[in-house]
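# Fold and geometry: a report
Residue-level listing of the chains:
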Amino acid sequence: MATSNGIKIAIVGGGLAGLAAAMKIAEAGHEVDLLSVVPVKRSHSVCAQGGINGAVNTKGEGDSPWKHFDDTVYGGDFLANQPPVKAMCEMAPAIIYLFDRMGVPFSRTTEGLLDFRRFGGTLHHRTAFAGASTGQQLLYALDEQVRRYEVQGKVKKYEGWEMMSLIMDDHQVCRGLVAMDLKTLELRAFKADAVIMATGGPGLIFGKSTNSMVCTGSAVSACYQQGARYANGEFIQVHPTSIPGEDKLRLMSESARGEGGRVWVPRAKGDVRSPGSIPEQERWYFLEEKYPAYGNLVPRDIATREIFQVCLDGFGIGGQNQVYLDLTHIPAETLDRKLGAILEIYEMFVGDDPRHVPMRIFPGVHYSMGGLWVDFDQRTNIPGLLAAGECDYSIHGANRLGANSLVSCVYGGFVAAPAAIEYAKNVERNGADGSRLYEQELQRQQEINDTLVKQSGTENQYLIHDEMGKWMTDNVTVVRYNDRLQQTDQKLLELIERYRHISINDSNLWATMALPHARQLWNMLQLARVITLGALNRNESRGAHYKPDFPNRDDENFLKTTIAEYSGEGPVFSYEAVDIGLIPPRKRDYSKGKAKETTAAAAAQPGAKQVPTDDLQQKPRDISGPAIWDQNKEKVRDVDHGQAETRREQGKSIEDAGGKSDKL
Amino acid sequence: MSAHASNASETARRTPPRTVEIKIQRRENPDAPAYWETFEIPYRPNLNIISCLMEIQKNPVTKEGKKTTPPVWNMNCLEQVCGICTMVINGKVRQSCSALIDQLEQPVTLEPMSKFPNIRDLRVDRSRMFDYLKRVHAWIEIDGSYDLGPGPRMNQDDVAERYAYSRCMTCGCCLEACPQYEGDQYIGPQAIAQVRYQNMHPTGKMTRDERLEAIMGEDGITNCGNAQNCVKVCPMSIPLTKAIYEENRETIIYGLFGWLKR
Ligand SMILES: Cc1cc2nc3c(=O)[nH]c(=O)nc-3n(C[C@H](O)[C@H](O)[C@H](O)COP(=O)(O)OP(=O)(O)OC[C@H]3O[C@@H](n4cnc5c(N)ncnc54)[C@H](O)[C@@H]3O)c2cc1C
Ligand code: SF4
């Protein structure tokens, strides 16, 4: 417990964002309680393969944080508030250098410098990478530093604990949280001067996704139900090529198409012949047919939509939600050389050899751009509650660019940490009265558990989860229609009703998986409504949100942030203006950008080929801004901070927190 | 692996079994005795152990038709990179997410790892592996996390070697398979490989001695019996025997000449 003058901050989640915050707070000399469902080293962040973005500009391409900023804002279809995006892009090179110093084995150039690769949505080599598993190395580097502070007694880890709720005082100020020990099911109150949420994405709401199994969004939903605002929930990124599995969807990298992979389905619906025995003229290469110029290399969102539609129309392989991604026409040696690691993943999990059998793929829910509403210091609307990482909404607008998430997680953690410290320094501690709050919340949570355990209805929690996932995937992902969104919300209401009749099918409560799942399921159902109704209300198409009935972006009516607040019944929506003061919105015009895109695609030929995206066109020719990062560091810094402090009574720059940091 | 894998799945495709039979070693809590239960689920192509467990979890009834409690296990990434779902499958320690039914002999037996305290059923407590990482100072002693510019330049070949060690996901397969690893008598290959990983780094090298001392104690590196099981079971193909060899050499030299430095 916090002593009279010591500051204690509770961090929920030990992925990149949570660990980044923990390291900063411990470094500043304060105490951290770090809670995580899984041991932090096993967090979802390990899954990231592609890399981390930062405009270090080592390739003589004239890259700059400003260009990174522009790419991110443009890629996000102008829905992100621009100041924090700019601040992130400015911090990004320093973040990469820091990881370099912490020992991440980033791939190198012949000169021994950091190597960078190209990724979707940019023309620059801006993505630092460690082999084919960058997220793993970044997470481990932070895990190692936090372990160092753990040894020093600054960080106390609670691994195998699941956060259940916030502890709120009578003035709606967050005073800590209640978490459950997943072994004993003991509930405990964690008193804290501030709480940072860093719990990652909500992929499991869609049943199967590319996310890890702890990515339920349950914790942020609990915050939402206690008064935290949830922003832009309807923006869910769906990756075009994932490997459907019985248990989850696994990502198949875009480079498979970059190296010549062809997407097709049998021309005849329900054709059950093996792919090899289907003659060429009976195959439908629908991307090549519909987009002769780009073929299989159309932008991510378009590829996703087309594959989805083809299956919706019944052309999926054997009537299922699957299409072929075919590499078999490419010599096996070439494939091994260029795509070895990726093909091994497919082989490992599917058991087929993609060198000889076409892969079966389908779009998979991948990332949530939406999340807890935060201000430019990562503070939610609840005093004492902050958020960082995939669980906050701040950086990616309507669509996230590849390799931008890892950097946003670290940035979020690095900003949240000093902001939490600053808050904790000034907050009035609640006195003797405090213990009542903790007791009350503990009791409330215990009652929910007890009710669930006693309940003996006929409904099965896992089947309800399956049903929710299916409805959400079918109707609230790639292509959205208002009538289906409405029906989905009706369905969710029905499932919420049926939830009251589930029975926990485990009579042994020791280390049971059933009770935690039941708790998560309730929260997922509530958040599913936020996503669905947010989509219903947004009558336009922007970024990942696509409505055939409203095919265009509508800045006049919808250049605004969706905000959901829990009313006790369900979400109540309001909208907030987007801060677009730095880069005026321009249209993401696919047809007009073609000439430019072709150039981009051609330019991408030699090295690792990349999938050009629509983000490639309409680059600003020359936007004045801090262009030369390296030589001009000091100057850039000064400029940044002046400009970053726009909205609200921001003000506290990052440096103040630790006292010693100049940039990070 | 590839030839073998596709052969096995070829066979399975020719005569797909109608059901999958899974025998699970169960335990109600750490103090309870272990017992076995057998489950049968309908066969589908591309099942892995996790999806079978998920299926059983929905409606836990044994093959004999007896209603029972759902088995408990650990899972997270399901891409063989978080390490959490490790268990002993048909006698071999490995991750259950990448264990495909089409490539396994039936009935499939699932047991928890035996070298770690059991929590319940297939779930074990591997926290001591993280404790070893504390002991060997498995981190780079950076001056601070503020902006101090780039790290040291490095040769890509050295980076590639370090990268191999950086992939350790603390799954514990190497410890489970090591005949010397029992209780707390030997720190084991995982931690030694992490010593190698940190000691190879130009900055890490500066605090090399602390790490060497940490593996020179009674439960240290000399307990390795050179059975070489670790390197065979490591799912990340980490050159564990090489790490042990190199660190053993370093500790010997340090043992002989280290005092000169003092
Ligand atoms: C397959 C895949 C590949 C990707 N590749 C890239 C890439 O190349 N580049 C990129 O930039 N991004 C990539 N992403 C996205 C990126 O990996 C994630 O957005 C990012 O890792 C999220 O990090 P985080 O810190 O927010 O949360 P996570 O890493 O998800 O961590 C969440 C933490 O919260 C904990 N937690 C959750 N709920 C609770 C609770 N109730 N109580 C206590 N603890 C809780 C968990 O245990 C965990 O420690 C990829 C994503 C996927 C799925
Ligand atoms: S060295 Fe290999 S087997 Fe041992 S814990 Fe690490 S990944 Fe697992």
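Residues numbered from 1 in each chain as written. Chains lettered and ligands numbered in written order. Predicted model: local features only at pLDDT ≥ 70, side-chain atom pairs only at ≥ 80, totals over all residues. Heavy atoms only, no water.

## Some thoughts on the overall build of chain A
What counts, and what does not: Each helix is a run of DSSP H or I of at least 4 residues and each strand a run of E of at least 2, with the numbering of both proceeding from the N terminus. In this scheme, a residue with accessible area under 20% of its type's maximum is buried, one over 50% is exposed, and one in between is partly exposed, where area comes from a 1.4 Å probe on protein chains only. The contact criterion used throughout is that any non-hydrogen atoms of two residues lie within 4.5 Å. With residues, only the protein chains shown are counted as cover, and all accessible areas are computed by Shrake-Rupley using a 1.4 Å probe.
Per the secondary structure count, chain A includes 18 helices and 21 strands. Here chain A holds 664 residues, and the buried ones make up 66% of them. A fraction of 72% describes how many contacts in chain A between residues 6 or more apart in sequence connect residues 24 or more apart. Put simply, chain A shows about 21900 Å² of open surface, and 50% of that area lies on carbon and sulfur atoms.

## As for the nonpolar core
Selection rule: As used in this record, nonpolar core signifies buried Ala, Val, Leu, Ile, Met, Phe, Trp, Tyr and Cys residues forming a set joined through side-chain atoms within 4.5 Å.
Formed by 265 residues in total, the largest nonpolar core has its most connected members in A:Phe99, A:Met197, B:Ile49 and B:Leu110. Aside from chain neighbours lying at most four places away, what touches B:Leu110 is B:Ile22, B:Lys23, B:Ile24, B:Gln25, B:Trp36, B:Ile49, B:Leu53, B:Met87, B:Val88, B:Ile89 and B:Leu122. Counting five residues, the second-largest nonpolar core is a separate cluster that includes A:Ile278, A:Tyr285, A:Ile317 and A:Tyr324.

## Observations regarding the sheet that holds strand S15 (residues 283–284) of chain A
Residue and element names in this part refer to chain A. Here is the rule we go by: Think of it this way: DSSP has to see at least two bridges between two strands before they count as a pair. Note on geometry: axes are lines fitted to C-alpha atoms, helical ones only across the stretch in contact, with angles between N-to-C directions running from 0 to 180 degrees.
Pairing is antiparallel in the open sheet, where six strands are placed in the order S13-S12-S17-S16-S14-S15. Across the chains shown, the open sheet's two edge strands, defined by having one partner strand only, are strand S13 (249–251) and S15. Note that strand S12 (residues 236–244) and S13 share three bridges and pair antiparallel. If you follow Pro244 over to S13, its bridge partner there is Leu249. In this fold helix H8 (residues 300–312) packs onto S12, strand S14 (262–266), S15, strand S16 (323–326) and strand S17 (359–368), with an angle of close to 60° to the strand it touches most, S12.

## A few points about the site of ligand 1
Residues and elements named next belong to chain A. In plain terms, the rule: Any residue with a non-hydrogen atom lying within 4 Å of a molecule or strand is treated as near it. Contacts described as polar in this section are N or O atom pairs within 3.5 Å, which, within protein, must combine one atom able to donate a hydrogen with one able to accept it, while residues neighboring in sequence count only if both atoms come from side chains. All residues other than Ala, Val, Leu, Ile, Met, Phe, Trp, Tyr, Cys, Pro, Asp, Glu, Lys and Arg, Gly among them, are scored as polar; the first ten of these are nonpolar and the last four charged.
In the vicinity of ligand 1 lie 38 residues, with Ser43, Ser45, Glu390, Ser405 and Leu406 positioned nearest. Note that an oxygen atom of ligand 1 is positioned 2.7 Å from one of the side-chain N or O atoms of Ser36. In this structure, an oxygen atom belonging to ligand 1 sits 3.4 Å away from a main-chain N or O atom of Ala198. Coverage of ligand 1 by the protein amounts to 98% of the 1000 Å² it exposes when considered alone. Looking at the shell around ligand 1, the elements with two or more residues in it are helix H1 (16–27), strand S2 (31–36), strand S7 (161–168), S17 and helix H10 (405–426). Looking at side-chain class alone, the shell around ligand 1 contains 17 nonpolar, 18 polar and three charged residues.

## Remarks on the packing of H1(A) against helix H4 (residues 134–151) of chain A
Residues and elements named next belong to chain A. Quick note on the threshold: A clockwise turn of the near helix away from the far one marks a right-handed crossing, whereas an anticlockwise turn of less than a right angle marks a left-handed crossing.
Taken N-terminus to C-terminus, the directions of H1 and H4 make an angle of 30°; their axes are 9 Å apart at the nearest point. In the packing of H1 onto H4, the handedness of the crossing is left-handed. Of H4, the residues touching H1 (which contributes Leu16, Leu19, Ala20, Ala22, Met23, Ala26 and Glu27) are Leu138, Leu139, Leu142, Asp143, Gln145, Val146 and Tyr149. When its residues are assigned to classes, the contact of H1 with H4 shows 11 nonpolar, one polar and two charged.

## With respect to a nonpolar patch on the surface
Residues and elements named next belong to chain B. Short version of the rule: Candidate patch residues must exceed 30% relative accessible area and have no salt bridge, after which like charges are joined if within 9 Å and Val, Leu, Ile, Met, Phe, Trp or Tyr side chains if within 5 Å. What counts as a salt bridge is simple: a side-chain nitrogen of Lys or Arg found within 4 Å of a carboxyl oxygen of Asp or Glu.
A cluster of nonpolar side chains, namely Ile252, Ile253, Leu256, Phe257, Trp259 and Leu260, defines an oily patch on the protein surface of about 670 Å² accessible area. For Trp259, the position within the fold is in the segment after helix H9 (240–257). Given a relative accessible area of 57%, Trp259 falls into the exposed group.

## Re the packing of aromatic side chains
All names here are of chain A. Operational definition: Each Phe, Tyr or Trp ring (for Trp, its six-membered ring) is paired with any other whose centre lies within 6.5 Å, and the angle between the two planes then decides the class: stacked below 30 degrees, edge-to-face above 60, tilted in between. Distance and angle both matter: a charge sits over a ring if NZ of Lys or CZ of Arg is within 6 Å of the ring centre and within 35 degrees of the ring normal.
Going through the model one piece at a time under the given rule, you end up with 14 aromatic pairs over all chains. Both rings, one in Tyr158 and one in Phe190, keep their centres 4.8 Å apart while their planes meet at 80°; by these two values the pair is edge-to-face. Residue Tyr158 is located in strand S6 (residues 155–159), and its partner Phe190 is located in strand S9 (residues 187–191); the two are separated by 32 residues in the primary sequence. Both rings, one in Tyr224 and one in Tyr566, keep their centres 5.3 Å apart while their planes meet at 70°; by these two values the pair is edge-to-face. Here Tyr566 lies in strand S20 (residues 560–566) and Tyr224 lies in helix H5 (residues 218–225), a separation of 342 residues in the sequence. For the cation-ring pair, Arg229 lies above Trp373, with the distance from its terminal atom to the ring centre recorded as 5.5 Å. Above the plane of the ring of Trp264 lies Arg283, whose end atom (NZ or CZ) is 4.2 Å from the centre.

## Topic: the packing of H4(A) against helix H3 (residues 127–135) of chain B
The test is simple: Roughly parallel means an angle under 35 degrees; roughly antiparallel, over 145; roughly perpendicular, 65 to 115; everything else is oblique.
The interhelical angle for the contact between H4(A) and H3(B), taken along N-to-C directions, is 80°, at an axis separation of 10 Å. Taken together, the axes of H4(A) and H3(B) lie roughly perpendicular to each other. Of the residues in H3(B), those touching H4(A) at A:Arg147, A:Glu150 and A:Val151 are B:Phe130, B:Leu133 and B:Lys134. For the contact of H4(A) with H3(B), the class distribution of residues is three nonpolar, no polar and three charged.

## Focus on the pattern of salt bridges
Tallied over the full model, the rule gives 67 salt bridges over all chains. Ionic pairing is found between A:Asp100 and A:Arg108, a salt bridge with its closest N-O pair at 2.6 Å. Side by side, A:Asp100 and A:Arg108 carry an identical accessibility label, which is buried. Ionic pairing is found between B:Arg26 and B:Glu37, a salt bridge with its closest N-O pair at 2.8 Å. In this pair, B:Arg26 sits in strand S1 (residues 19–26) while B:Glu37 sits in strand S2 (residues 35–42), placing the two residues 11 residues apart along the sequence. Judged by its relative accessible area of 1%, B:Arg26 falls in the buried class. Via salt bridges that share partners, A:Asp77, A:Glu234, A:Arg538, A:Glu540, A:Arg542, A:Arg553 and A:Asp555 belong to a single interconnected network.

## What about the site of ligand 2?
Around ligand 2, the surrounding shell holds 13 residues, and the nearest of these are B:Cys168, B:Cys171, B:Gly172, B:Cys174 and B:Cys234. For the shell around ligand 2, a count of residues per class yields 11 nonpolar, two polar and no charged.

## As for the domain arrangement of chain A
All names here are of chain A. Put simply, the test is: In this document the domain limits rely on a domain assignment from an automatic tool or a database. Accessible area, probed at 1.4 Å, shrinks when two parts are joined; the buried area is that loss added up over both.
Taken domain by domain, chain A consists of domain 1 (8–235 + 369–434 + 579–655), domain 2 (240–365) and domain 3 (437–559). Contact with domain 2, which involves six residues of that partner, is made by eight residues of domain 3. Buried area between domain 2 and domain 3, both sides added, is near 650 Å², and the carbon and sulfur share of it is 69%. In this structure, the connection of domain 2 to domain 3 is made through zero salt bridges.

## Re the interface of chain A and chain B
Taken together, the contacts link 76 residues of chain A with 78 residues of chain B. Summing the contributions of chain A and of chain B, the shared interface buries around 6500 Å²; its carbon and sulfur component is 52%. Three residues stand out in chain A for area buried against chain B, namely A:Arg42, A:Arg101 and A:Met513, and they jointly supply 14% of the buried area on that side. For the interface between chain A and chain B, the tally reads seven salt bridges. Between B:Arg153 and A:Glu111 there is a salt bridge, and its shortest N-O distance comes to 3.1 Å. The interface formed by chain A and chain B contains 41 residue pairs in polar contact (both at pLDDT 80 or more). A per-element tally of the side of chain A that touches chain B places H4(A) first, with nine residues. Here the side of chain A that touches chain B is built from residues that sort into 30 nonpolar, 20 polar and 26 charged.

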